[in-house]
Amino acid sequence: MLLLFNVKCVCGLNAVTTRKEFEMVGLIVNAFVDYVNNYCSEAGKDALKRKTAGLTIMATENYPDELVVSVIEAVAKAENKSVPDVLQEFGRRFIKWSEPKFRMAYSAPTAKEFLLKMSLVHKSAKSYSPQAVPPVFQYEDPSADKLVMIYNSNRKMCPLIHGLIKGVAERYGCAVAVEEKTCMHKGAGECRFEISFG
């Protein structure tokens, strides 16, 4: 199966943005721990262990953004990668990790229809974790083989969205071209991803 990814990013991200009152759901933290343990080097795993020493990561708990970001930054440094590169790879791997846990979302027949459901999936996080602050997605649907995803979050983790799009395309076995036309890290009010499906 041939999968082609053409991703163009305009962001100048060196670090993600955090606010002390924000918390990330433990499910995402669990997924990142799994990503590091399965796909990172021993140095990355050691960095994860040091940053999470004494913590029990539970999917039903929330964790301060600054803690989560410090873990991501430590792993990226240990892997000799940028934070955006780690976030993008994590996003791509997250799709495979999450499928057994969210089978309803994967009932979508196409990659495009899956991406159109992401807003609903993130909104549902509030039902079991009221403190969660999920991203907001809006969409434009110009044609059958194109989609515009508009991402807005105070965390500004647009590389993670890049990775998710790539992971979804991989899961559905289709080629995608993605261009981030505007980016919050460049002063825009939102990140605008223009996606073409092949």
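The structure presented is a predicted model; accordingly, all values stated were derived computationally and were not measured. (Residues numbered from 1 in each chain as written. Predicted model: local features only at pLDDT ≥ 70, side-chain atom pairs only at ≥ 80, totals over all residues. Heavy atoms only, no water.)

### Observations regarding the nonpolar core
And then number 1: Core analysis: the biggest nonpolar cluster contains 53 residues, and F32, F114, L115, M149, Y151, F193 and I195 have the highest contact counts within it.
And then number 2: Considering every element that reaches this core, the biggest residue donor is helix α7 (residues 158-172), with eight residues.
And then number 3: Setting aside residues no more than four positions away along its own chain, Y151 makes contact with P135, V136, F137, K156, M157, C158, I161, M184, E190, C191 and F193. (Core = buried A, V, L, I, M, F, W, Y, C linked by side-chain atoms within 4.5 Å. Buried < 20%, exposed > 50% of the residue type's maximum accessible area, 1.4 Å probe, protein only. Helix = DSSP H or I, 4+ residues; strand = E, 2+ residues; numbered from the N terminus. Contact = heavy atoms within 4.5 Å.)

### Some details on the packing of aromatic side chains
And then number 1: Evaluated as defined, the whole model comprises nine aromatic pairs.
And then number 2: Judged by centre distance (5.7 Å) and plane angle (45 degrees), the rings of F32 and Y35 are tilted. Pair noted here: F32 and Y35 are both in helix α1 (residues 26-39), with a separation of three residues, about one helical turn. For the residue pair F32 and Y35, the accessibility class agrees, reading buried in each case.
And then number 3: Centroid distance F137 to Y151: 5.8 Å. Interplanar angle 45 degrees. Geometry classified as tilted. Pair noted here: F137 is in strand β4 (residues 136-143) and Y151 is in strand β5 (residues 146-152), with a separation of 14 residues, a long-range link. Per residue, the accessibility class of F137 equals that of Y151, and both read buried.
And then number 4: Feature note: the residues F32, Y35, Y39, F90, F94 and W97 constitute an aromatic cluster, connected by ring pairs. (Phe/Tyr/Trp six-rings, centres within 6.5 Å; stacked < 30°, edge-to-face > 60°.)

### Re unusual backbone geometry
If a residue is not glycine, its phi is most likely negative; likewise, a peptide bond is most likely trans.
And then number 1: Although it is not a glycine, N80 sits at a positive phi angle of roughly 60 degrees.
And then number 2: Following the sequence through the fold, N80 ends up in the loop between α3 (65-79) and α4 (83-98).

### Some remarks on the confidence of the model for the protein chain
For any part of a model where pLDDT is low, the fine detail of the predicted coordinates should not be relied upon.
And then number 1: Averaged over all residues, the pLDDT of the protein chain is 84; the fraction at 70 or higher stands at 82%.
And then number 2: Residue range residues 1-21 is modelled with pLDDT below 50. Its contacts to residues more than four positions away, or to other chains, number 60 contacts. (pLDDT = per-residue confidence, 0-100.)

### Quick word on the pairing of strand β7 (residues 191-197)
And then number 1: Only one face of β7 is buried: it carries C191, F193, I195 and F197, and the other face, with R192, E194 and S196, is open.
And then number 2: Where β5 meets β7, six bridges bridge the pair, whose relative direction is antiparallel. Bridging across to β7, L147 finds its partner in I195.
And then number 3: Of the pairings in the sheet, the one linking strand β6 (residues 176-182) to β7 comprises six bridges and is antiparallel in character. (Pairing = 2+ DSSP bridges.)

### So, the pattern of salt bridges
And then number 1: This structure, assessed with the given rule, holds 10 salt bridges.
And then number 2: A salt bridge links R192 to E140; the shortest N-O distance between them is 2.8 Å. Residue R192 is located in strand β7, and its partner E140 is located in strand β4; the two are separated by 52 residues in the primary sequence.
And then number 3: The exposure class of R192 is partly exposed, given its relative accessible area of 21%.
And then number 4: Taking the shortest distance from any N to any O, the salt bridge between K181 and E179 comes out at 3.6 Å.
And then number 5: Accessibility expressed as a relative area gives 41% for K181, which makes it partly exposed.
And then number 6: What makes E179 partly exposed here is its relative accessible area of 26%.
And then number 7: A single network of salt bridges, built from pairs that share partners, joins E89, R92, R93 and E170. (Salt bridge = Lys/Arg side-chain N within 4 Å of Asp/Glu carboxyl O.)

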